[in-house]
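The residues making up each chain are set out below.
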Amino acid sequence: MNAGRRTWGVWAPAADEAIPLGEANARPLEWWPSESAAAASLRARVQRTPGTVNSDTERQADGTVRTDAQFYAGRESAVFLYEMTGELGFQPVAAAVPYAVLEFGPRGGVRRRDLVAAESVSV
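The sections below set out a description of the structure shown in this document. Numbers given for residues are sequential positions, taken from 1 along each chain in its written order. For a predicted model such as this one, the threshold for reporting local features is a pLDDT of at least 70, and the threshold for listing and counting side-chain atom pairs is 80 or more; totals across whole chains, interfaces and linings nevertheless cover every residue. Only hydrogens and water are set aside when side-chain values are computed; all heavy atoms of the structure are taken into account.

1. Structural notes on unusual backbone geometry
Phi is positive for Asn25, close to 70°, though the residue is something other than glycine. Each helix is a run of H or I in the DSSP string that is no shorter than four residues. Each strand is a run of E no shorter than two, and both are numbered from the N terminus. Relative to the elements of secondary structure, Asn25 occurs in the loop between β1 (7-12) and β2 (30-32).

2. A word on the pairing of β1
Whether a residue is buried, partly exposed or exposed follows from its accessible area with a 1.4 Å probe, protein chains only, as a fraction of its type maximum: under 20%, in between, or over 50%, in that order. Summarising burial for β1: six of the six residues are buried, a large majority. In this scheme, strands are said to pair when DSSP sees at least two bridges between them. Here β1 pairs with β2 via three bridges, running antiparallel. Each bridged residue has a counterpart across the sheet, and for Gly9 the counterpart in β2 is Glu30. By the bridge criterion, five bridges tie β1 to strand β5 (residues 78-82) in an arrangement that is antiparallel. Its bridge partner lying in β5, Val10 is registered against Phe80.

3. Some remarks on the pattern of salt bridges
The rule for a salt bridge is simple: a side-chain nitrogen of Lys or Arg has to be within 4 Å of a carboxyl oxygen of Asp or Glu. All chains considered together, the criterion is met by eight salt bridges. Residues Arg66 and Glu58 are paired through a salt bridge, measuring 2.6 Å at the closest nitrogen-oxygen approach. The salt bridge involving Asp114 is made with Arg112; its shortest N-O contact spans 2.8 Å. Residue Arg112 is classed as partly exposed on the basis of its relative accessible area of 41%.

So, in structure tokens, the structure goes:
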């Protein structure tokens, strides 16, 4: 069964403090059904009201889905997008560096910023 192309990424509560994949204390690799779903997840993880709990779903690369994950972040958070080899639940491997980042723009909306030239990304 093929679920279609997934968007793979790592959410970081503070983009400038993100820990690279593979290092100790790095956030887990996640997947979303599309890039727009990843952007919606980023928006959902921003705490809108102090003292509330956000229960956005975290879909991990090992195939587990955590629906009780608690995310606390502000508009300094981001999702780094990675090209992947392998499949969900079978130890997929991410590229060494992200190809793009989803982040909040100056006017508050989520924008995509490419980190690697489009022609160098293999599909």
